[in-house]
Amino acid sequence: MLSLTQIPFFTKLNPDELVLLGDISQERAYKKGEILFYEREEPKYLHILLEGVLKLYKTNFKSQQIFLHQFKPISFVAELANFENIPYPATSEFTTDGRVLKIDYEAFKSILFTHPELSFNIIHSLSEKLKIMSEVVHNEVILTAEAKIAKFIVEHPELFSELKQTKIAQLLNITPETLSRVLGKFKNQGLIEFGENQSIATSNRIKLSAFFE
């Protein structure tokens, strides 16, 4: 269990503020597949991911999941919903076991608005979220399926040995058939070589990067 002083966002709080923060916070463990919050749910807590991996996704009119982002510790999760007082814009689900610090946001504001450095940390976190959403829009609107897959190979080659191809296809918002076809094309062109368990043994990063840069 992490103490509040081990969470980077809170290192500058004084002892009295840490006590107050502890009084308005609760730590909860989650199992793989559990939902942290649902799309359109009203926010009550400020969430900080302490352990595990969370995926953020929206659901379209066909009930299909559209992957948006994956969170890793230690990070704020969907804090914009708290600050703007709007429903969560997407659903967050654990892809591994994990733990979250849940902070009563209404009570937390008394600390936040009197502590400039803490406010700056959260503003920085929000700016990172804007970059993430900009990348999501770019990937979904601009990139072709080939470009998406090439980018994923360059940035996350290790995941091909950790995840099934159906899961990777879901992360990329493409069909498994499309993923399989493009990987086969890349292999035939000498851009990638497969190792054991469908891992990417080698790849031509320069030629793959040309698909999306």
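Located above this text is the structure these notes cover.
Residues numbered from 1 in each chain as written. Predicted model: local features only at pLDDT ≥ 70, side-chain atom pairs only at ≥ 80, totals over all residues. Heavy atoms only, no water.

Draft legend 1. Seen up close, the sheet that holds strand E2 (residues 35-37). Taken in spatial order, the four strands make up an open sheet running E2-E7-E4-E5, and their pairing is antiparallel. Lying at the two open borders of the sheet, with one neighbouring strand each, are E2 and strand E5 (65-71). Here the strands of the sheet are splayed against their neighbours by 30° on average, with no regard to which way each runs. Looking at chain direction, E2 and strand E7 (residues 91-94) are connected through two bridges and run antiparallel. (Pairing = 2+ DSSP bridges. Helix = DSSP H or I, 4+ residues; strand = E, 2+ residues; numbered from the N terminus. Axes fitted to C-alpha atoms, helices over the stretch in contact; angles between N-to-C directions.)

Draft legend 2. Summary view of the packing of helix H5 (residues 145-155) against helix H7 (residues 165-172). Interhelical geometry of H5 versus H7 gives an angle of 115° and a closest axis separation of 11 Å. Taken as axis vectors, H5 and H7 run roughly perpendicular relative to one another. For H5 against H7, the interelement crossing comes out right-handed. The residues of H7 that touch H5, namely those facing Lys148, Ile149 and Phe152, are Ile168, Leu171 and Leu172. Of the residues assigned to the contact of H5 with H7, the class counts are five nonpolar, no polar and one charged. (Parallel < 35°, antiparallel > 145°, perpendicular 65-115°, else oblique. Left-handed = near helix turned anticlockwise from the far one by under 90°. Contact = heavy atoms within 4.5 Å. Nonpolar A, V, L, I, M, F, W, Y, C, P; charged D, E, K, R; others polar.)

Draft legend 3. Fine view of unusual backbone geometry. Omega for the bond connecting Pro73 with Ile74 falls within 30 degrees of zero, at -10°, which places this linkage in the cis form. Mapped onto the secondary structure, Ile74 falls in the loop between E5 and strand E6 (75-77). Backbone geometry at Asn85 places phi at a positive 55°, although glycine is not the residue there. The class of Asn85 is exposed, set by a relative accessible area of 62%. Located in the positive-phi region is Asn173, a residue other than glycine, with phi close to 60°. Inspection of the secondary structure assignment puts Asn173 in the loop between H7 and helix H8 (176-188). (Buried < 20%, exposed > 50% of the residue type's maximum accessible area, 1.4 Å probe, protein only.)

Draft legend 4. Looking closely at the nonpolar core. Counting 24 residues, the largest nonpolar core has Ile149, Ile153, Phe186 and Leu208 as the members making the most contacts within it. Listing elements by their share of this core, those giving two or more residues are H5, helix H6 (159-162), H7 and H8. Residue contributions to this core peak at six residues, all from H5. Not counting chain neighbours up to four residues away, the residues in contact with Leu208 comprise Ala150, Ile153, Val154, Phe186, Leu191, Ile192 and Ser203. The next biggest cluster of nonpolar side chains, apart from the first, holds 18 residues, and it includes Leu13, Leu18, Leu46 and Tyr105. (Core = buried A, V, L, I, M, F, W, Y, C linked by side-chain atoms within 4.5 Å.)

Draft legend 5. Fine view of the environment of Phe9. Inspection of the secondary structure puts Phe9 in the segment before helix H1 (15-23). The exposure class assigned to Phe9 is buried, which follows from its relative accessible area of 16%.

Draft legend 6. Local environment of H5. Of all eleven residues that make up H5, nine are buried, and the element is covered over most of its length. Inspection of H5 places Glu146, Ala147, Lys148, Ile149, Ala150, Lys151, Phe152, Ile153 and Val154 among the buried residues, and these make up the whole buried set.

Draft legend 7. Seen up close, the side chain of His47. Examined against the element boundaries, His47 turns out to sit in strand E3 (residues 45-51). Of the polar contacts made by the side chain of His47, one reaches the side chain of Tyr88; its length is 3.5 Å. A polar side-chain atom of His47 sits 3.3 Å from a polar atom in the side chain of Lys102. Not counting residues within four places of it along the chain, the set of residues in contact with His47 comprises Leu36, Phe37, Ser75, Phe76, Val77, Tyr88, Val100, Leu101 and Lys102. (Polar contact = N/O pair within 3.5 Å; in protein donor to acceptor, adjacent residues only side chain to side chain.)

So yeah, pure geometry; function would need other evidence.
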